[in-house]
Amino acid sequence: SHQICTNQINFHYLDWGKSDDPPILMLHGLAQTCRTWDLVALALSDNYRSITIDQRGHGDSSWSTNQDYSHDTLLDDTVKMINKLNLEKFILVGFSMGGKIALNYAENNSNRLSALVIVDSGPESNPKGTESVRKFLEQQSDFSSIDALVEKTMQYNSTRPMESIRASIMNSIKQMDNGKWVWKYDPGIRNRVSGIDSEIKLEHQLWKSVNQIKCPTLIVRAANSNILSKSTAIKMQSIIKGSKLVSIKNASHLVVGDNPVDFIKELELFLSTIDFNNLN
């Protein structure tokens, strides 16, 4: 567990594996934390160094004083953290919100990447899925018990066992002095899913990014995703030369938690095709 400061934000991150192994930077989704990647980073730790970051306003990173959680600001945070961590020829993995940041970063930095992995994310998001996320974020702000919080979460993702939901949220909540439980994220992040005009602008921006990516790329789509449509995933794969598209069965948008076994299997298979000794 480490801290790094940039843009006047103290960022918390976890560093898995050996420092001299091929590095992977993993970016989580909206309202999640770096612990989203625990099982993945653990599974890869014998062969890869995985760095998982809490984005501003998330997890154990500090909150923005002016509630600036725009895409451009999160992208700038990521660029500066990459530079501070001295990452070169690294693998960039982004899920959902983190996937959009990864796409934008790869547009001008494919030469710094040994590979890119986009997880259930793309330039366009299904409006119904986005609305579902918005409603979940606008739920009650505090809970009397962990059980109550688990029950509320299961209404959003009813396909996973209760034990899995409970385990996944334990690192994303905190107890207040009054005994109530709340999510760790800054409530100000809810504003990220409210602007239609900004979403359209970002969509155009990210399709431009997709057209500029020139590194080995894996696109992962959850078979039951309500965020990344099959047509958008196929379009991305057709544009990014040499990219690979895979579908993870028995998984909704939260694919890394819904089916970690198959996700890790596909990720390891893809990474095994990268020749880290002959990267220009």
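The structure this text deals with has already been given above.
Right, let's walk through the structure included here. (Residues numbered from 1 in each chain as written. Predicted model: local features only at pLDDT ≥ 70, side-chain atom pairs only at ≥ 80, totals over all residues. Heavy atoms only, no water.)

**Digging into the pairing of strand E10 (residues 244–248)**
The criterion, for reference: Two strands form a pair only when DSSP identifies at least two bridges running between them. Only DSSP runs of H or I with at least four residues qualify as helices, and only runs of E with at least two residues qualify as strands; both kinds are numbered from the N terminus onward. Think of it like this: strands point away, you trace from the first strand over the helix to the second, and a clockwise trace means the crossover is right-handed.
Note: strand E9 (residues 217–222) against E10, five bridges, orientation parallel. In the sheet register, Ala222 faces E10, and the bridge partner there is Ile248. Between the parallel elements E9 and E10, the chain passes through helix H8 (residues 230–239) in a crossover that is right-handed.

**Examining the sheet that holds E10**
The line we're drawing: Axes here mean lines fitted to C-alpha atoms, for a helix over just the part in contact, with angles spanning 0 to 180 degrees between N-to-C directions. Two residues form a contact once any of their heavy atoms are found within 4.5 Å.
Within the open sheet, the eight strands sit side by side as E1-E2-E4-E3-E5-E6-E9-E10. Their pairing is mixed. Because the sheet does not close on itself, it has two edges, and the strands there are strand E1 (2–6) and E10. Between one strand and the next, the sheet's axes are offset by a mean angle of 20 degrees, whatever the strand orientation. Bridge count between strand E3 (residues 23–27) and strand E5 (residues 90–95): four bridges; the pairing is parallel. Of the residues in E5, the one forming a bridge with Ile24 is Ile91. On top of the sheet, helix H10 (residues 260–271) reaches E3, E5, strand E6 (113–119), E9 and E10; it is set at about 165 degrees to E10, its chief contact.

**Side note on unusual backbone geometry**
This is how it is decided: The buried label applies to any residue whose accessible area, calculated with a 1.4 Å probe on protein chains only, is under 20% of its type's maximum; exposed applies above 50%, and partly exposed to all values in between.
One non-glycine residue with positive phi stands out, namely Asn7, at about 50 degrees. Topologically, Asn7 is positioned in the loop between E1 and strand E2 (9–16). On the basis of relative accessibility, which here comes to 27%, the residue Asn7 falls in the partly exposed class. The backbone of Gln8 shows a phi angle near 60 degrees, a positive value even though the residue is not glycine. Topologically, Gln8 is positioned in the loop between E1 and E2.

**Remarks on the packing of helix H4 (residues 127–137) against helix H5 (residues 146–156)**
Test applied: Oblique is the label for every angle not falling under 35 degrees (roughly parallel), over 145 degrees (roughly antiparallel), or within 65 to 115 degrees (roughly perpendicular). The sense of a crossing depends on the near helix, which, turned anticlockwise from the far helix by less than a right angle, makes the crossing left-handed and, turned clockwise, makes it right-handed. Here the nonpolar group is Ala, Val, Leu, Ile, Met, Phe, Trp, Tyr, Cys and Pro; Asp, Glu, Lys and Arg are the charged ones; every other residue, Gly included, is treated as polar.
Contact geometry for H4 and H5: axes closest at 10 Å, N-to-C directions at 165 degrees. Compared by their axis directions, H4 and H5 come out roughly antiparallel. Judged by the sense of rotation from one axis to the other, the crossing of H4 with H5 is right-handed. For the pair formed by H4 and H5, the contact residues are Ser132, Val133 and Phe136 on the first element and Lys152, Thr153 and Tyr156 on the second. For the contact of H4 with H5, the class distribution of residues is three nonpolar, two polar and one charged.

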